[in-house]
Amino acid sequence: MALLDDVIEAHGGLARRKAFERVEATIVTTGGLFPLKGLPADTTRRHMTAWLHKQQASVSPFGGPDQRTSFTADRIAVEKTDGPVVAESRDLPSLFAGHGLNTPWGPLHRAYFNGYAMWLYLNSPFLLAMDGVEVRELDPWREGEEEWRVLRAFFPGGMVTHSRMQEFYFDEALDLRRHDYRVDIAGGFPAAQLIGNYIDVQGIRVPTRRRAYVRGPEDRPVDDLLMVSIDIDNVRFS
């Protein structure tokens, strides 16, 4: 698809990205979703690693200074940094069975959410060109005086993500400015994530500010309902 090709080229191109295996960054994640889940507010700066060519991610510290998460599409675990497993689950559908927006989360729930969500964000928009992902262009979106182009993506069943169908909005410079989805593991609430503060990292353009709001009438984000706030820095590819 021409738009997707142009978007990927504007973000640094597939050839450049294929030279790397993973991306690392420092993240701070807060927002209203976590108190709803019975989790304390936490502004700890954490080290995030996301692999680029397979669905795998890890964050540390997690639950203790000597612990980290280990996320793949079929397993979530909390591990000691020297290897021993603290907790794990390989039955991921049952982990969230019957969950609504206010269902409490434990450490494995948050680890799983963090793992797949940050993998998705740090791999966008390149993951739209991955095998099994189907995309099509929708009608343009009017944002103030700007017109944003929109790609709807359908993700394959083997890829863990917020929801099978998601939308990605690109401005005139082809920067990713918004990302819409439903959070299936939290009652399927509709979210509109606003994106910005791009930086150049080793020739790849990376947004460093993400704010996910409940999506309200006419698909507009509800300013008073900030669910997840993510700030990213110290990004590097290796």
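These figures come from a predicted structure and were not determined experimentally.

Scoring rules and cut-offs
- Residues numbered from 1 in each chain as written.
- Predicted model: local features only at pLDDT ≥ 70, side-chain atom pairs only at ≥ 80, totals over all residues.
- Heavy atoms only, no water.
- Helix = DSSP H or I, 4+ residues; strand = E, 2+ residues; numbered from the N terminus.
- Rg over C-alpha atoms; globule rule 2.2 N^0.38 Å.
- Buried < 20%, exposed > 50% of the residue type's maximum accessible area, 1.4 Å probe, protein only.
- Contact = heavy atoms within 4.5 Å.
- Areas by Shrake-Rupley, 256 points an atom, 1.4 Å probe, with all protein chains shown as cover.
- Lys, Arg positive; Asp, Glu negative; His and termini not counted.
- Charge placed at Lys NZ, Arg CZ, Asp CG, Glu CD.
- Pairing = 2+ DSSP bridges.
- 1 Å grid on protein atoms, 1.4 Å probe; cavity = no way out; pocket = protein on both sides within 12 Å on 5 of 7 lines; lining within 4 Å.
- Points joined across faces, edges and corners; volume = space filled by probe spheres on them.
- Nonpolar A, V, L, I, M, F, W, Y, C, P; charged D, E, K, R; others polar.
- Core = buried A, V, L, I, M, F, W, Y, C linked by side-chain atoms within 4.5 Å.

**Q** Tell me about the overall build of the protein, and name the residues and values.
**A** Each helix and strand counted, the protein has 5 helices and 13 strands in total. Against the globule reference of 18 Å for 238 residues, the protein gives a C-alpha radius of gyration of 17 Å, in line with a compact fold. C-alpha atoms of the protein, sized along the principal axes, occupy 50 × 40 × 30 Å. Per-residue burial over the protein gives 53% buried out of 238 residues. Residue pairs at least 24 apart in sequence account for 48% of intrachain contacts in the protein once pairs closer than 6 positions are excluded. On the protein, roughly 10900 Å² of surface is accessible, and the fraction owed to carbon and sulfur atoms is 49%. Charge-centre separation for the protein: the mean point of 28 positive side chains lies 4 Å from the mean point of 33 negative side chains.

**Q** Summarise the pairing of strand 5 (residues 75-80); cite the residues concerned and give the values.
**A** Buried residues dominate strand 5, accounting for 5 of its 6 residues. Bridge count between strand 4 (residues 67-72) and strand 5: 6 bridges; the pairing is antiparallel. Across the sheet, residue Thr72 finds its bridge partner in strand 5, namely Arg75. Joining the antiparallel neighbours strand 4 and strand 5 is a turn of 2 residues. As defined by bridge partners, strand 5 adjoins strand 6 (residues 85-89) across 4 bridges and the pair is classed as antiparallel. When the bridges of strand 6 are listed, Ala77 appears paired with Glu88. The hairpin turn running from strand 5 into strand 6, its antiparallel successor, is 4 residues long, and Gly83 in that turn takes a positive phi close to 120°.

**Q** I'd like to hear about the layout of surface pockets, residue by residue, with values.
**A** Its boundaries defined by the atoms lining it, the largest pocket holds a volume of some 400 Å³. Around the largest pocket sit 27 residues that line it, and Asp42, Arg46, Phe62, Pro107 and Arg110 are the ones nearest its centre. The set of elements that each furnish at least two residues to the lining of the largest pocket consists of strand 1 (22-30), strand 6, helix 5 (107-123) and strand 13 (221-237). Classifying every residue of the lining of the largest pocket by side-chain character gives 18 nonpolar, 6 polar and 3 charged. By volume, the second largest pocket amounts to about 170 Å³. A per-class count over the lining of the second largest pocket returns 6 nonpolar, 5 polar and 2 charged.

**Q** How would you sum up the nonpolar core? Please name residues and give values.
**A** Within soluble globular proteins, side chains that are nonpolar generally end up buried alongside one another. Of all hydrophobic cores here, the largest spans 68 residues; its most connected members are Tyr112, Phe113, Tyr116, Leu128, Phe155 and Phe237. Among the elements that make up this core, the one with the highest residue count is helix 5 (11 residues).

**Q** Lay out empty space enclosed by the protein in plain terms, naming residues and giving numbers.
**A** Per the stated rule, a full pass over the model turns up 2 cavities of 30 Å³ or more. Empty space within the largest cavity amounts to approximately 70 Å³. Here the element with the most residues in the lining of the largest cavity is strand 12 (residues 204-215); it accounts for 4 residues. If you add up the space inside the second largest cavity, you get close to 40 Å³. Among the secondary structure elements, those contributing two or more residues to the lining of the second largest cavity are helix 5, strand 10 (176-183) and strand 11 (189-201). Here the lining of the second largest cavity is built from residues that sort into 9 nonpolar, no polar and no charged.

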